[in-house]
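Structural overview
Here are the chains, one letter per residue:
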Amino acid sequence: MTQQEYVNTNFIEDIIIEDRESGKHPSIHTRFPPEPNGYLHIGHAKSICLNFGLAQKYNGLCNLRMDDTNPSKEDEEYVQSIINDIKWLGFDWDERFFFASDYFEELYKYACQLIEKGLAYVCELTPEEVRKSRGTLTESGTNSPFRNRTAQENLAIFHRMRAGEYPEGSKTLRVKIDMTSPNINMRDPIIYRISYATHHKTGNTWCIYPMYDYAHCISDALEHITHSICTLEFEDHRPLYDWFVNQFTDLPKPRQIEFARLNITYTVMSKRKLLELVKGNYVNGWDDPRMPTLCGMRRRGYTPQAIRNFAAQIGVAKFNGISDLELLEHFVREDLNKKATRVNVVLNPLKVTIENFPEDEVLWLDAENNPEDETAGIRQIPFSKHILIEQDDFSENPPPKYFRLSPSKEIRLKHAFYITCKEVIKNSDNTVVEVICTYDPESKGGWAKDGRKVLGTSHWVSEKEAIPIEVRQYTKLFLDKEPENVVPGTDYKDGINKDSLAIMNNALAEPSVAKAAAGQAFQFLRQGYYVADIDTTESKPIFNLTVKLKDGWTKKK
RNA sequence: UGCCCCAUAGUCUAAUGGUAGGACAACUGCCUCUGGAGCAGCUGGUUGAGGUUCGAAUCCUUGUGGGGCAGCCA
């Protein structure tokens, strides 16, 4: 945790600081409570960094708790991926790994207490009837005809609900608050429903399951959470959260605080839409490098440090805004610039023949691995008569301010020699197929003896030693800056970028690249940051574009 | 036409009644064996109207705009 990650305080920290100084909470305790019904995404990362980060900064603790109160949606597969992703991000919960389902027995006990106090009742209205009697946003609801059963009767039926004597949907346990409340969450909310779905953790032990509003706050209290941080849509639930917590004198009273969830330009963040992209094969799985999931970003080559720095920079507030994707990419570049090994890779090769270089000679030249990190050392790259450069690095009729190779112009080959273009060979289509150059033997290593300068430096590979690699060029998955904000009548999927993945099969890399390990970060010189894909092998190296280098030239054009 | 919340440069965010600042983006130079990185500079902001105050981005009233809420989801 670097210091720069926390330069400013946000409104939640202000509350924490106040609670420490007043003695209300000498130490703080937060939690990250995902529902194991999907993969974590960058939006969750904001919450993870917030909750775990707050605990670190203020010498508190942060628990990991699976919010698994709905067996029909949750699965062990997601539990594992969540654990994996949080660890990858760099956070740890020690032994404090819990499930809401750990508390089912206690939750049941507290529900019985509510019944005994006359504050909860078994309701037999159908879902449709419940909906109707709840009222609307502008009209108050009406009391359930089952509202005035005796505590004794309610308790007996509730026990039988647990015993599995009633079909799904036939009965619920409701809390007795106020059907006329302007806050719909307070209109006798359901706290238990019957479900015979198998729970990923408790199997078929239970057939009644607590609802979020009831289970979450009590779970927080049982874990002695001091600050229960959630997103804005739960704001209206806070009165209910407080209501429950205040019914039980033996429980501590955690405080719910809401903050704005993360939105990023050119990105969809809802679990439903991400699932749709996967199921509809718009992407190749949850870990597709175009996905904003943490596993997708990992495969894309984004680093945990970059994501953490991003989370720190965007801050925490109650304003529901949309952050620029460019900011995230900035932190990815910043981190990778320090870490990535530089290599020569030519994506679209153009043959260059050095006419004054001996036919069979191979010269091994020194190349630095990372100019930003001296400890990264050097490697050797082969130079020969037949090399390849990027097609974009040659122009027969160059535009003004073109620094690259063109007829009679001289450039430098990175770490190698100065070369001068002597002749252009074209095929019948009039496309350039080869460039004949001469090299200056006195410029070995990239410096001319006489001190003359060249404007451009190109990356290159030696034809014979080069290895073919597959390069997956990823760009934005959505064309629209705000893909979730579509005009009525159209679908966000209409905005999918059909060209978000381009597979480059002609790419050639310097030989050192063959040894790349999956997940290893590279900078393909002058092009971008790339990561060896998890499918990479020595016989078929595969790389994903993480993010392009900033490019002042194409911007100028 | 109910209830709750929000409003500071293009974007995100600080300023806690006392000089409106940072990051990204953009732009202009410098530098450079990556048109990368780095360095320097510059442009640009308090939603409108009232009020309180010596002084308001901040407090109050009100308008406007935006978001959320009617699952036996979380």
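All figures in this text were calculated on a predicted structure; none of them were measured in a lab.

**Side note on the overall build of chain A**
Helix and strand counts for chain A stand at 13 helices and 27 strands. Expected size for 557 residues packed as a compact globule is a radius of gyration near 24 Å; at 31 Å, chain A overshoots this value by more than 25%. Referenced to the eigenvectors of the C-alpha coordinate spread, the extents of chain A come out at roughly 100 × 55 × 40 Å. Within chain A, counting contacts between residues at least 6 apart in sequence, those at least 24 apart form 71% of the total. Of the roughly 25700 Å² that chain A leaves accessible, carbon and sulfur atoms contribute 49%. Here chain A contributes 70 positively and 81 negatively charged side chains, and the mean placements of these two sets differ by 2 Å.

**Concerning the side chain of His415**
Along the chain, His415 turns up in the loop between strand 16 (410-413) and strand 17 (418-426). Note on His415: relative accessible area 14%, which makes it buried. Excluding anything up to four places from it in sequence, His415 contacts Leu365, Asp366, Ala367, Glu368, Ile381, Gly445 and Gly446.

**Quick word on the nonpolar core**
Residues Leu114, Phe158, Leu173, Tyr192, Tyr214, Ile218 and Phe244 are the most contacted members of the largest nonpolar core, which totals 39 residues. Put simply, the parts of the chain that give this core at least two residues each are helix 4 (104-116), strand 4 (120-123), helix 6 (151-162), strand 5 (172-175), strand 6 (190-194), strand 7 (208-210), helix 7 (212-222) and helix 8 (238-247). Take this core: its biggest share by element is 8 residues, from helix 4. Sequence-distant contacts of Leu173, defined by excluding residues within four places in its chain, comprise Ala111, Ile115, Ala120, Tyr121, Val122, Phe158, Met161, Pro189, Ile190, Ile191 and Tyr192.

**Overview of helix 3 (residues 76-89)**
With 14 residues, helix 3 should cover 20 Å at 1.5 Å per step; its first-to-last C-alpha distance of 20 Å lies within 8% of that length. Those residues of helix 3 not exposed but buried are Tyr78, Val79, Ser81, Ile82, Ile83, Asp85, Ile86 and Leu89. Packed against the buried residues of helix 3 are strand 1 (29-32), helix 2 (42-57), strand 2 (61-66), strand 3 (97-99), helix 10 (294-300) and helix 11 (304-314). For helix 3, the capping residue at the N-terminal end is Asp75, with a side-chain oxygen 2.8 Å from the backbone nitrogen of Glu77.

**A word on the side chain of Glu329**
Here Glu329 is to be found in helix 12 (residues 325-339). It is Arg333 that comes nearest to the buried, bridge-free Glu329 among opposite-charge side chains, at 4.3 Å. Among residues more than four places away in sequence, those in contact with Glu329 are Tyr302 and Val547.

**Digging into the pattern of salt bridges**
Here the structure, examined in full by the defined rule, presents 39 salt bridges. Between Arg452 and Glu410 there is a salt bridge, with its nearest N and O atoms 2.7 Å apart. Note that Arg452 is positioned in the loop between strand 18 (432-439) and strand 19 (457-458) and Glu410 in strand 16, a separation of 42 residues in sequence. When salt bridges with common partners are traced through the structure, they connect Asp287, Arg299, Glu470, Arg472, Asp533, Asp535 and Lys540 into a single cluster.

**Structural notes on the packing of helix 1 (residues 11-21) against helix 2**
Where helix 1 meets helix 2, the closest approach of the two axes is 12 Å, and the angle between their N-to-C directions is 35°. For helix 1 against helix 2, the interelement crossing comes out right-handed. Contacts between helix 1 and helix 2 involve Ile12, Glu13 and Ile16 on the former and, on the latter, Leu50, Leu54 and Lys57. The class makeup of the residues in the contact of helix 1 with helix 2 is 4 nonpolar, no polar and 2 charged.

**Quick word on the packing of aromatic side chains**
Aromatic ring pairs are described here by two measures, namely the spacing of the ring centres and the angle between the planes. Across all of its chains, the model carries 27 aromatic pairs by this definition. With centroids separated by 5.9 Å and ring planes inclined at 55°, the aromatic side chains of Tyr108 and Trp206 adopt a geometry described as tilted. With a gap of 98 residues between them, Tyr108 in helix 4 and Trp206 in the loop between strand 6 and strand 7 connect regions that are remote in the sequence. Assessed through its relative accessible area of 7%, Tyr108 is described here as buried. Where Phe524 meets Tyr530, the ring centres are 4.0 Å apart and the plane angle is 10°; that geometry is what we call stacked. Neither Phe524 nor Tyr530 differs from the other in exposure class; each is buried. One aromatic cluster is present, formed by Phe104, Tyr108, Phe158, Tyr192, Trp206, Tyr209, Tyr214, Trp243 and Phe244 through successive ring pairs. The positively charged end of Lys201 is found above the aromatic ring belonging to Phe99, 4.1 Å away from the centroid.

**Thoughts on the protein's contact with RNA strand B**
In the vicinity of RNA strand B, 68 residues are found, and the nearest of them are Arg412, Gly445, Gln523, Arg526 and Lys550. Sugar and phosphate atoms represent 61% of those atoms of RNA strand B found within 4 Å of the protein. Here Lys73 contributes a side-chain N or O atom positioned 3.5 Å from a sugar or linking oxygen of RNA strand B. Within the contact set of RNA strand B, a base nitrogen lies 3.2 Å away from a backbone nitrogen or oxygen of Gly446. Residue assignment for the surface near RNA strand B shows that the elements contributing at least two residues are helix 5 (127-133), strand 6, helix 11, helix 12 and helix 13 (552-556). With 4 residues, helix 12 is the single largest residue contributor to the surface near RNA strand B. Tallied by class, the residues present in the surface near RNA strand B amount to 22 nonpolar, 23 polar and 23 charged.

**What to know about the domain arrangement of chain A**
Often, the extent of an interface is quoted as the loss of accessible area on bringing the components together. Once the domains are mapped, chain A shows domain 1 (3-259), domain 2 (271-341 + 470-556) and domain 3 (345-459). For domain 1 versus domain 2, the separation of C-alpha centres amounts to 35 Å. In this complex, domain 1 contributes 25 residues to the contact, which on the side of domain 2 involves 25 residues. For the domain 1 and domain 2 pair, buried surface summed over both sides reaches about 2400 Å², with 68% attributable to carbon and sulfur atoms. Along the contact surface separating domain 1 from domain 2 lie 3 salt bridges. Across the pair Glu258 and Lys318 runs a salt bridge, and its minimum N-O distance is 3.7 Å. At the boundary of domain 1 with domain 2, the tally comes to 6 residue pairs in polar contact (both at pLDDT 80 or more). Of all the secondary structure elements, the ones that give two or more residues to the side of domain 1 that touches domain 2 are helix 1, helix 2, helix 3 and strand 9 (255-259). Ranked by the residues each element gives to the side of domain 1 that touches domain 2, the list is headed by helix 2, at 6 residues.

**Focus on unusual backbone geometry**
You will see that His224, though not glycine, has its phi angle at about 60°, which is positive. Mapping His224 onto the fold places it in the loop between helix 7 and strand 8 (227-231). A positive phi angle, near 65°, is found at Arg526, a position not held by glycine. Note on placement: Arg526 falls in the loop between strand 25 (521-524) and strand 26 (528-532).

**Looking at the pairing of strand 27 (residues 542-548)**
Across the 7 residues of strand 27, 6 count as buried, placing the element largely inside the fold. Note: strand 22 (residues 470-474) against strand 27, 3 bridges, orientation parallel. Opposite Glu470, over in strand 27, you have Ile542 as the bridge partner. In terms of strand pairing, strand 26 meets strand 27 through 5 bridges, oriented antiparallel. By the bridge assignment, Tyr530 is partnered in strand 27 with Leu545.

The rules behind these values
Throughout this description, residue numbers start from 1 for each chain and increase along the sequence as written. Note on labels: chains are lettered from A, ligands numbered from 1, in written order. Under the rules for a predicted model, residues below a pLDDT of 70 receive no local features and side-chain atom pairs below 80 are neither given nor counted, while totals for whole chains, interfaces and linings still include all residues. No hydrogens and no water enter the side-chain calculation; it runs on all heavy atoms of the structure. Numbering of helices and strands runs from the N terminus, with a helix taken as a DSSP run of H or I at least four residues long and a strand as a DSSP run of E at least two residues long. Each radius of gyration reported is based on C-alpha atoms, and the globular scaling rule is 2.2 Å times the count of residues to the power 0.38. What makes two residues a contact is simply this: any of their non-hydrogen atoms within 4.5 Å. The method behind every accessible area is Shrake-Rupley, applied with a 1.4 Å probe, and residues are considered shielded solely by the protein chains displayed. Residues scored as charged are limited to Lys and Arg (positive) and Asp and Glu (negative), so that His and the chain ends carry no count. Taken as the charge centre is NZ of Lys, CZ of Arg, CG of Asp or CD of Glu, depending on the residue. Working definition: with a 1.4 Å probe on protein chains only, accessible area under 20% of the residue-type maximum means buried, over 50% means exposed, and in between means partly exposed. Nonpolar cores were defined as sets of buried Ala, Val, Leu, Ile, Met, Phe, Trp, Tyr and Cys residues, with membership established by side-chain atoms within 4.5 Å. By definition here, a helix of n residues has an expected span of 1.5 Å times n minus one. Polar contact criterion, stated in full: a pair of N or O atoms within 3.5 Å, where within protein one must be able to donate a hydrogen and the other to accept it, and residues adjacent in sequence count only if both atoms are side-chain atoms. Here a salt bridge means any side-chain nitrogen of Lys or Arg lying within 4 Å of a carboxyl oxygen belonging to Asp or Glu. To obtain each axis, a line is fitted to C-alpha atoms, and for helices this fit is confined to the stretch in contact; angles are then taken between N-to-C directions over 0 to 180 degrees. Definitions for this section: a left-handed crossing has its near helix turned counterclockwise from the far helix by less than a right angle. A right-handed crossing has that turn clockwise. Amino acids outside the nonpolar list (Ala, Val, Leu, Ile, Met, Phe, Trp, Tyr, Cys, Pro) and the charged list (Asp, Glu, Lys, Arg) are all regarded as polar, and Gly is one of them. Aromatic rings from Phe, Tyr and Trp, with only the six-membered ring used for Trp, were paired whenever their centres fell within 6.5 Å, and each pair was classed as stacked if the ring planes differed by under 30 degrees, edge-to-face if by over 60, and tilted otherwise. Here, a charge over a ring is recorded when the distance from Lys NZ or Arg CZ to the ring centre is within 6 Å and its angle to the ring normal is within 35 degrees. Residue proximity to a molecule or strand is established when one non-hydrogen atom of the residue lies within 4 Å of it. Marked domain ranges trace back to an automatic or database domain assignment. By buried area we mean how much accessible surface two parts lose on assembly, using a 1.4 Å probe and totalling the loss over both. By the convention used here, strands pair only if DSSP detects at least 2 bridges between them.

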